[in-house]
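Listed below are the residues making up each chain.
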Amino acid sequence: MTSEGRGMGLAAAVVANLTLAMGPWLVRLAETGPVAAGFWRLALAMPALLAWSAIANPGALRRGLAFWPVLLVAGLAFAADLATWNVSIHRTTLANATLFANSATLIYPVYGFLIARAWPSRPQVAALLLAMVGGGMLLGQSAELSHAHLVGDLLALFAGLAYAVYFIGMARVRAAVPPMPALALSGVATMAPLLVLAIGLGERLVPDDAVGWGPLIGLALVSQVLGQGLMIYALGRLPPLVIGITLLLQPIVAGGIGWAVYGERPGTPDLIGALLVAAALVLVRREPKVAPAAGQTRSVA
């Protein structure tokens, strides 16, 4: 892939994470239950995703159905991610929920190195180490494992594991299917489990009035169509390490929202951690030099 293509992918990943970081705030504002909010995030976005797919990529939805086993697994993983993450948002701070949910930052690059055999270059190793140190500092200050937040933190951590599974599945789909059709098809597999779980938990499914639909429409357009759409686009253009590091933008932005709106003020370790993550993003922009794995003639990332 050309450097221009990688640049577009990195820009998409950055914008995706900036918009996805708005999601926890919108979930808190929603008048429905947290799992129901996840369902509406997909249901309200689906008409736009299907129409966009049909117009921009005729036939892509039909071709994508050939990947239905992978899409089913990815959809179920995304349902588990949204359900547990949205619940955790109400049980811990925005920074806690977003940081733990983005544990895929480490899981997904490890998958790329060990399973897909996309061995990192030295700058990429340095970037990953910086990201780990920065993420650890954010964890120590903004996502402390207090008794009051323990359940929410654990739920968010589980969400991160599920999100990594979703990424792995969708990266395979994106190798052959354009981003919007891939996102629409995975969304179809995600909606039903979320609705069944929300009903089973006895959650409130519908807001009282038109104003109450505002946060849900925001989740659909900002988080799903724009944020997740750009993320799926980036998955087809960037290696796992780059995707993983850009995910750390989310807790930084969410922490800022938590500070401004809910008084969840970050400490000095948060600020230093944010600078380390920024340094990692600079390093990861360097031209990758991928070394082939043993027995391989080229990288298969």
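Keep in mind it's a predicted model, so treat the numbers as computed, not measured. Counting of residues starts from 1 at the beginning of each chain's written sequence and follows it residue by residue. Where totals are concerned, whole chains, interfaces and linings use all residues; where local detail is concerned, this predicted model gives features only for residues with pLDDT of at least 70, and gives and counts side-chain atom pairs only at 80 or more. Side-chain descriptors were evaluated using all non-hydrogen atoms of the structure, hydrogens and water having been removed beforehand.

Engineer: How would you explain the overall build of the protein chain if you had to name every residue and give the values?
Structural biologist: Helix and strand assignments come from DSSP, with helices taken as H or I runs of at least 4 residues and strands as E runs of at least 2, each series counted from the N terminus. Of regular secondary structure, the protein chain possesses 15 helices and 0 strands. A total of 301 residues make up the protein chain; the buried ones form 52% of that total. Long-range pairs, those at least 24 residues apart, make up 90% of the contacts in the protein chain between residues at least 6 apart in sequence. Under the convention used here, a 1.4 Å probe and the Shrake-Rupley method define accessible areas, while residue burial counts only the protein chains that appear. Roughly 13100 Å² of accessible area belongs to the protein chain as shown, and the carbon and sulfur atoms make up 71% of that amount. The buried label applies to any residue whose accessible area, calculated with a 1.4 Å probe on protein chains only, is under 20% of its type's maximum; exposed applies above 50%, and partly exposed to all values in between. Throughout, a residue-residue contact means that at least one pair of heavy atoms, one from each residue, lies within 4.5 Å.

Engineer: Explain the pattern of salt bridges residue by residue, including any values.
Structural biologist: Any Lys or Arg side-chain nitrogen located within 4 Å of an Asp or Glu carboxyl oxygen qualifies as a salt bridge. By the definition in use, this model includes 1 salt bridge. Of the charged contacts in the structure, one is a salt bridge between R204 and D208, with a shortest N-O distance of 2.5 Å.

Engineer: So what's going on with the environment of A220? Residues and values would help.
Structural biologist: With respect to the helices and strands, A220 occurs in helix α12 (residues 213-235). With a relative accessible area of 1%, A220 lands in the buried category. As a C-alpha pair, A220 and A45 span 175 residues in sequence and 4.8 Å in three-dimensional space. Contacts of A220, omitting those with residues within four sequence positions, involve W40, R41, L44, A45 and V225.

Engineer: Could you give an account of the packing of helix α11 (residues 179-200) against α12, naming the residues involved and the relevant values?
Structural biologist: Lines fitted to C-alpha atoms define the axes, with helix axes restricted to the stretch in contact, and inter-axis angles between N-to-C directions lie between 0 and 180 degrees. Close contact between α11 and α12 brings their axes to 9 Å; oriented N to C, the two are set at 115°. Crossing of α11 against α12: the hand is right-handed. In contact with P179, M180, A182 and L183 of α11, α12 contributes Q224, V225, Q228, G229, I232 and Y233. Left-handed describes a crossing in which the near helix is turned anticlockwise from the far one by less than a right angle; the clockwise case is right-handed.

Engineer: I'd love a proper account of the packing of aromatic side chains, names of residues and values included.
Structural biologist: Between 30 and 60 degrees the pair is tilted, below 30 it is stacked and above 60 it is edge-to-face, where a pair is any two Phe, Tyr or Trp rings, Trp via its six-membered ring, whose centres lie within 6.5 Å. Evaluated as defined, the whole model comprises 6 aromatic pairs. Note on F39 and W40: the rings are 5.1 Å apart at their centroids and 65° apart in plane angle, and the pair reads as edge-to-face. Judged by its relative accessible area of 18%, W40 is buried. Between W40 and W213, the aromatic rings sit 4.9 Å apart at their centres with planes inclined by 85°, giving edge-to-face as the arrangement. With W40 in helix α3 (residues 34-43) and W213 in helix α12, this residue pair connects regions lying 173 residues apart in the sequence. Classification of W213 as partly exposed rests on a relative accessible area of 24%.

Engineer: How would you explain helix α6 (residues 68-89) if you had to name every residue and give the values?
Structural biologist: A helix is expected to span 1.5 Å multiplied by its residue count minus one. The end-to-end C-alpha distance of α6, which contains 22 residues, comes to 31 Å, matching closely the 32 Å that a straight helix rising 1.5 Å per residue would cover. Buried residues dominate α6, accounting for 16 of its 22 residues.

Engineer: Give me the lowdown on the nonpolar core, citing residues and values where you can.
Structural biologist: Residues grouped as a nonpolar core are buried Ala, Val, Leu, Ile, Met, Phe, Trp, Tyr and Cys residues, joined through side-chain atoms within 4.5 Å. In terms of nonpolar packing, the biggest core is built from 61 residues, with Y163, Y166, F167, M170, L194, M231 and I243 touching the most fellow members. Ranked by residue count, the leading element in this core is α6, at 11 residues. Dropping the residues within four chain positions of it, M170 is found in contact with L71, A74, A182, L183, S186, I232 and L235. Listed in part, the 10 residues of the second largest apolar core include L241, L248, V277 and A280.

Engineer: A description of a nonpolar patch on the surface should follow, citing residues and the corresponding values.
Structural biologist: Residues L29, V261 and Y262 make up a contiguous nonpolar surface patch of about 240 Å² in total accessible area. Among the structural elements, Y262 can be located in helix α14 (residues 249-262). Grouping into patches uses exposed residues only, defined as over 30% relative accessible area, and leaves out salt-bridged ones; the cut-off is 9 Å for like charges and 5 Å for nonpolar side chains (Val, Leu, Ile, Met, Phe, Trp, Tyr).

Engineer: How would you summarise the confidence of the model for the protein chain if you had to cite specific residues and measurements?
Structural biologist: In low-pLDDT regions, the fine details of the predicted coordinates are not to be read closely. Looking at the protein chain, pLDDT values average 82 and 84% of them are 70 or higher. Looking at any residue, its pLDDT shows the predictor's confidence there, from 0 to 100. Below pLDDT 50 for its whole length, residues 287-301 participates in 21 contacts with residues either more than four positions away or in separate chains.

Engineer: Go over α11, please, and point to the residues and values.
Structural biologist: Helix length check: α11 (22 residues) gives 32 Å between terminal C-alpha atoms against 32 Å at 1.5 Å per residue, within 8%. Fitting axes to the seven residues ending at a residue and to the seven starting there, one defines the bend at that residue as the angle between these axes. In α11, a bend of some 25° at T190 exceeds every other bend along the element, and P193, a proline, comes one to four places later. Immediately beyond the C-terminal end of α11, within one or two residues, lies G202, with a positive phi of roughly 70°.

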